[in-house]
Amino acid sequence: MRKIYLLFMLFTFCFFGYGQENGSGFASAVRQHLKKYNVQSDLAFENKDWQKGQILFDSLVSNYLIGTTFEDYTLKSFEKRKVKLSSFKKPLFILTYASWCIPSKGEIPALNKLAQKYSKDVKFVILFWDKKHNVKKIARKFHHNITICYAHETYKNDANIVSNLKHTLGFPTSYFLDQDLKVVNIKRGGAQPDNKSTYVKAYTMNYNAFREGLGSLLIEKNITDEQLTTN
């Protein structure tokens, strides 16, 4: 077991180098390190080595992106108003989607339940890479404690956020930021239940996956971690 751990650490060190980009901007850190990550991850996925692909993503996040700071983007919310990230004045959970990217079974109900439970401590934001009229139908499925936003290449002033988020780590991607917009964690979407999973199992998997990410934002609130179980 120790040998496996040492090999993993050696791989991480050799690929990414040492040290986080603490204090720097998120967009700058992504631009600096994304090309090398893409080359390696594309090769891993071509070889269907999903585990290595996940290791590469986690290493990119932990070594270079955690500790960086988001720009104070202005989002267009579905409630017909513009809002800056800093105006929420609390930790942020931002999940990026596209209206044509169908969430997995149980994913939206899990998000809604978490938003009901933790909205006093964390601001929940769903950001669709889409035009407003394409988001309208799916937006109704989310709890009112979740702020639904949208951005698109063709909209004025959206080029920057689209370039820095959509065209870098892709989607669905979960960003966990503290109230100063500093990156605490980044994860790939939610869970990935297979088609044979029951609704209860799929809901539970998604709830636990998102709750794990939220744990890094809730730790300062002394909120005990909890997981659902299907047993």
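What counts, and at which threshold
- Residues numbered from 1 in each chain as written.
- Predicted model: local features only at pLDDT ≥ 70, side-chain atom pairs only at ≥ 80, totals over all residues.
- Heavy atoms only, no water.
- Helix = DSSP H or I, 4+ residues; strand = E, 2+ residues; numbered from the N terminus.
- Buried < 20%, exposed > 50% of the residue type's maximum accessible area, 1.4 Å probe, protein only.
- Contact = heavy atoms within 4.5 Å.
- Areas by Shrake-Rupley, 256 points an atom, 1.4 Å probe, with all protein chains shown as cover.
- Salt bridge = Lys/Arg side-chain N within 4 Å of Asp/Glu carboxyl O.

**Q** Got a sec to walk through the overall build of the protein? Specific residues and values, please.
**A** Regarding its fold elements, the protein presents seven helices and seven strands. Scanning the protein from its N terminus toward the C terminus, one meets helices and strands in the order α-α-α-β-β-β-α-β-α-β-α-β-β-α. In the protein, which comprises 231 residues, the proportion classed as buried is 48%. Contacts in the protein between residues far apart in sequence, at least 24 positions, make up 69% of those at least 6 positions apart. When the accessible surface of the protein is summed, it comes to about 12900 Å², and 53% of that surface belongs to carbon and sulfur atoms.

**Q** Residues and numbers for the pattern of salt bridges, please.
**A** Across all of its chains, the model carries two salt bridges by this definition. Notably, a salt bridge pairs K76 with D158, separated by 2.5 Å at the nearest N-O pair. Of this pair, K76 sits in strand β1 (residues 74-77) while D158 sits in the loop between β5 (146-151) and α6 (159-169), placing them 82 residues apart in sequence. The exposure classification of K76 matches that of D158, with both residues buried. Among the ionic pairs, K166 bridges to E153, the shortest N-O distance being 3.1 Å. With a gap of 13 residues between them, K166 in helix α6 and E153 in the loop between β5 and α6 connect regions that are remote in the sequence. Residue classification places K166 among the buried positions, given a relative accessible area of 18%.

**Q** Give a detailed account of unusual backbone geometry, specifying residues and quantitative values.
**A** Here the bond from F171 into P172 is cis, since omega is 0 degrees, no more than 30 degrees from zero. Among the structural elements, P172 can be located in the loop between α6 and β6 (173-177). Phi is positive for K48, close to 55 degrees, though the residue is something other than glycine. Examined against the element boundaries, K48 turns out to sit in the loop between α2 (26-46) and α3 (50-65). We classify K48 as exposed; its relative accessible area is 62%. A positive phi angle is found at K89, which is not glycine, with a value near 55 degrees. Relative to the elements of secondary structure, K89 occurs in the loop between β2 (81-84) and β3 (92-97).

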